[in-house]
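# An overview of the molecular structure
Below are the chains, spelled out letter by letter.
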Amino acid sequence: MVATISRLIQRKFNHTVYLFQSISLSSAAQRTTGKCRYSNILNLDLLFFPIFRRFFTDDSLGSSSKRRLVSKQEYELEELDNGVSLKFGLDRRRNHNEEKEVVQIVELIKRDGSELESKINLMDVNISLDLVRKVFRRLNYDGVSGLHFFCWLSETHIDIKRSSVFCSMIIDNLGRVEDYDSMVVLFKDFSRKGICLSENAFAFLADSLEDECKGIDNVRKIVELLNEAGGSAGRSGIFYLIKMLCILKAFDLAVFVMEETARRTSYYNVLVWAKCRGSQFQEARELFGEMRRYGCYPNSNTYNYLLGSLCKDGRIGEACSLVEVMNELGYMPDAITFEIFIFHACRQDRLDFAMEFLNQMISGGLEPRLTTHAAFIKGYFNSNRFQEAYKFVVDMAVRYKYSGNVNYSLLASLHHKKGKLLDARDILVLMIEKGLKPNFPVYVKVSKDLYKAGMSHLAADLKSRFSKLNSG
């Protein structure tokens, strides 16, 4: 039976053989070098492949007349500090006041006086990471150094001084004003403190890349400074420099950075990710062969980037061939591999296959990520299977306690968005009764709409319950 299905897959997707030919060529080399990954916990061929083959050879898949395809927008999630949530707007008045504060702070920085700290303190401003980001954005636009401001914040606001986001802001700012002497000092300081950077530290390179000579000079300079600093800032800096160059589609410069530093699988993974992001699958395929030539063997992340992009792009034939190659090489599916297929099954409105993938994942000792939970909740919800969505949330909260707050809050958000205000309120009440704290923006939105709908007594009750939970 398995052989018959394999022949069907081959006939249906025979155009994919060439695409993955170079990947297949690396199998022998990986076997001899011991790079294959085997697991005693999960047998890929016994657990994963039977479901995989049935899912992708199901006659109903790809037929829009039989299956409702859920739009990509319905599944777009935003990862916040407290989990997966929906985007919420800020109050206009608060935004207006904050913009005024940003302008005032920038003007004080431009004066570069010794009274900067005292005058900002007199403003009684609530310094948040978002406010700091807006200040630096305006400083960058005006071409003004924010080093004094950064140093003051580092000394007075311990809650943000070790943030990679915050530290990357000043590097970006110094790059725009070409203060490389201060930049290397900060790189070394970050490394002493174990602070890492993010790709946003090198956003300033976007302007210089228009001039090829200037672009390569700036990149070479940054590489020299990061190598000089070493440590956490140096390591993370090289990685995210490559990532930013890939985001800017400066792939030649990204390769140049590897030539100047080292060729590593993690660096190549960024290139594969960027190529897949731009649907450049042929070029992504060629990178597998290049990795092999330099002794940087692909890992699960490498394959997952390509696998996820192929599924997202609807190139199921290539996805089938790639999974067969992964199986041949001995790569075990990890939580992200399963999530890719669960996500795709949910988009195809095939929750039955998605649940089979989930069950096999759990039986293999892998824990689903919060984004995997969200795919199921949205999948059930968008299919109007509200009770099943609720049951999934309840069951997962029992099995994985960490998922309770996020999943219940997401379910309440979906009900609210669909106009089911009372259902959203009931879910929040149930959360509180279970000792789970609702996502604050969800709670605020539901409370406000209860007042607007003339149900002030329910809004007041919800507020009282929420306040008791916080005080407790």
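Residues numbered from 1 in each chain as written. Predicted model: local features only at pLDDT ≥ 70, side-chain atom pairs only at ≥ 80, totals over all residues. Heavy atoms only, no water.

### Focus on the overall build of the protein
The helix and strand tally for the protein stands at 26 helices and 2 strands. For the protein, the proportion of contacts with a sequence separation of at least 24, taken over those separated by at least 6, is 71%. On the protein, roughly 23,400 Å² of surface is accessible, and the fraction owed to carbon and sulfur atoms is 48%. (Helix = DSSP H or I, 4+ residues; strand = E, 2+ residues; numbered from the N terminus. Contact = heavy atoms within 4.5 Å. Areas by Shrake-Rupley, 256 points an atom, 1.4 Å probe, with all protein chains shown as cover.)

### Describing the packing of aromatic side chains
Evaluated as defined, the whole model comprises 16 aromatic pairs. Ring geometry for Phe 440 against Phe 466: centres 6.0 Å apart, planes inclined by 45°, an arrangement best described as tilted. Taken together, the positions of Phe 440 in helix α25 (residues 440-452) and Phe 466 in helix α26 (residues 456-471) put the pair 26 residues apart, joining distant regions of the chain. A relative accessible area of 49% places Phe 440 in the partly exposed class. These aromatic residues form a ring-pair network of at least three members: Phe 136, Phe 149 and Trp 152. A cation over an aromatic ring shows up here: Lys 243 above the ring of Trp 273, its NZ or CZ 5.1 Å from the ring centre. (Phe/Tyr/Trp six-rings, centres within 6.5 Å; stacked < 30°, edge-to-face > 60°. Buried < 20%, exposed > 50% of the residue type's maximum accessible area, 1.4 Å probe, protein only. Lys NZ or Arg CZ within 6 Å of the ring centre and 35° of its normal.)

### Quick look at the nonpolar core
Judged by nonpolar contacts, the single largest core of 131 residues is most densely connected at Phe 149, Phe 190 and Phe 202. Once residues within four sequence positions are removed from consideration, Phe 190 is found in contact with Phe 150, Cys 167, Ile 170, Ile 171, Ile 195, Leu 197, Ser 232 and Ala 233. (Core = buried A, V, L, I, M, F, W, Y, C linked by side-chain atoms within 4.5 Å.)

### Considering the environment of His 148
By the secondary structure assignment, His 148 is in helix α8 (residues 147-156). Taking the C-alpha atoms as reference, His 148 lies 8.7 Å from Leu 116; in sequence the two are 32 residues apart.

### Remarks on the side chain of Thr 371
Inspection of the secondary structure puts Thr 371 in helix α21 (residues 370-382). Here Glu 339 takes part through its side chain, which lies 2.8 Å from a polar atom of the side chain of Thr 371. (Polar contact = N/O pair within 3.5 Å; in protein donor to acceptor, adjacent residues only side chain to side chain.)

### Concerning the environment of Arg 138
Mapped onto the elements, Arg 138 comes out in helix α7 (residues 129-142). Along the chain, Arg 138 and Val 106 lie 32 residues apart, while their C-alpha atoms are 7.4 Å from each other. Ignoring any residue separated from it by four or fewer positions in sequence, one finds Arg 138 in contact with Glu 99, Val 102, Val 103 and Val 106.

### Comments concerning helix α12 (residues 212-229)
Compared with the 26 Å implied by 1.5 Å per residue over 18 residues, the 26 Å span of α12 between its first and last C-alpha is a close match. Inspection of α12 places Gly 215, Asn 218, Val 219, Ile 222, Val 223, Leu 225, Leu 226 and Ala 229 among the buried residues, and these make up the whole buried set. Down the axis of α12, the smallest arc covering the buried residues is 165°, so these residues share one side. Against the buried residues of α12 lie α10 (180-193), α11 (205-208), α13 (231-247) and α14 (251-260). With a side-chain oxygen positioned 3.1 Å from the backbone nitrogen of Cys 213, the residue opening α12 is Asp 211. (Expected span 1.5 Å × (residues − 1). Arc of directions from axis to C-beta.)

### A look at the side chain of Asp 349
Within the element layout of this structure, Asp 349 appears in the loop between α19 (335-347) and α20 (351-363). Buried charge without a salt bridge: Asp 349, with Arg 385 as the nearest opposite-charge side chain at an N-O distance of 4.6 Å. Of note is the side chain of Asp 349, whose polar atom sits 2.5 Å from the side chain of Ser 383. (Lys, Arg positive; Asp, Glu negative; His and termini not counted. Salt bridge = Lys/Arg side-chain N within 4 Å of Asp/Glu carboxyl O.)

### Structural notes on the packing of α20 against α21
Where α20 meets α21, the closest approach of the two axes is 11 Å, and the angle between their N-to-C directions is 160°. The angle between α20 and α21 falls in the class roughly antiparallel. Pair α20 / α21 crosses with left-handed handedness. Where α20 abuts α21, its residues Leu 351, Ala 354, Met 355 and Leu 358 lie against Phe 376, Gly 379 and Tyr 380. (Axes fitted to C-alpha atoms, helices over the stretch in contact; angles between N-to-C directions. Parallel < 35°, antiparallel > 145°, perpendicular 65-115°, else oblique. Left-handed = near helix turned anticlockwise from the far one by under 90°.)

### Re the packing of α10 against α12
For the pair α10 and α12, interaxial distance at closest approach is 9 Å and the crossing angle is 35°. Where α10 crosses over α12, the two elements pack in a sense that is right-handed. On the side of α10, the interface is formed by Tyr 180, Met 183, Val 184, Phe 187, Lys 188 and Ser 191, while α12 contributes Asn 218, Lys 221, Ile 222, Leu 225, Leu 226, Glu 228 and Ala 229. In the contact of α10 with α12, the residues fall into 8 nonpolar, 2 polar and 3 charged. (Nonpolar A, V, L, I, M, F, W, Y, C, P; charged D, E, K, R; others polar.)

### Topic: the confidence of the model for the protein
Per-residue confidence for the protein gives a mean pLDDT of 81; residues scoring 70 or more make up 79%. When the criterion is pLDDT under 50, residues 1-46 qualifies, and its contacts beyond four places in sequence or with other chains add up to 82 contacts. Every residue in residues 61-93 scores below 50 in pLDDT, and together they form 63 contacts with partners more than four places removed in sequence or on other chains. (pLDDT = per-residue confidence, 0-100.)

### So, a negative patch on the surface
Judged by side-chain charge, Glu 210, Asp 211, Glu 212 and Asp 252 come together as a negatively charged surface patch. Within the secondary structure layout, Asp 211 lies in the loop between α11 and α12. (Patch = residues over 30% accessible without salt bridge, like charges linked within 9 Å, V, L, I, M, F, W, Y side chains within 5 Å. Charge placed at Lys NZ, Arg CZ, Asp CG, Glu CD.)

### A short note on the pattern of salt bridges
Enumeration over the complete set of coordinates arrives at 26 salt bridges. Across the salt bridge formed by Arg 315 and Glu 318, the nearest N and O atoms sit 3.1 Å from each other. Salt bridges sharing partners connect three or more residues here, namely Arg 425, Asp 426, Glu 433, Asp 461 and Arg 465.

### Points about unusual backbone geometry
Here the phi dihedral of Asp 349 falls at roughly 60°; this positive angle occurs in a residue that is not glycine. Its identity is not glycine, yet Asn 384 carries a phi of approximately 60°, on the positive side. One can find Asn 384 in the loop between α21 and α22 (386-399). Under the relative-accessibility criterion, Asn 384 is labelled partly exposed at 49%.

### Considerations on the environment of Ala 262
Relative to the helices and strands, Ala 262 resides in the loop between α14 and α15 (265-277). In this structure the C-alpha to C-alpha distance between Ala 262 and Ile 238, which are 24 residues apart in sequence, comes to 9.6 Å. Those residues in contact with Ala 262 that sit more than four places away from it in its chain are Val 257 and Tyr 267.

### Comments concerning helix α23 (residues 404-417)
In this model α23 runs 20 Å from its N-terminal to its C-terminal C-alpha over 14 residues, within 8% of the 20 Å that 1.5 Å per residue would give. Of all 14 residues in α23, 12 are buried, a share of seventy percent or more. Two residues or fewer past α23, Gly 419 is found with a positive phi of approximately 90°.

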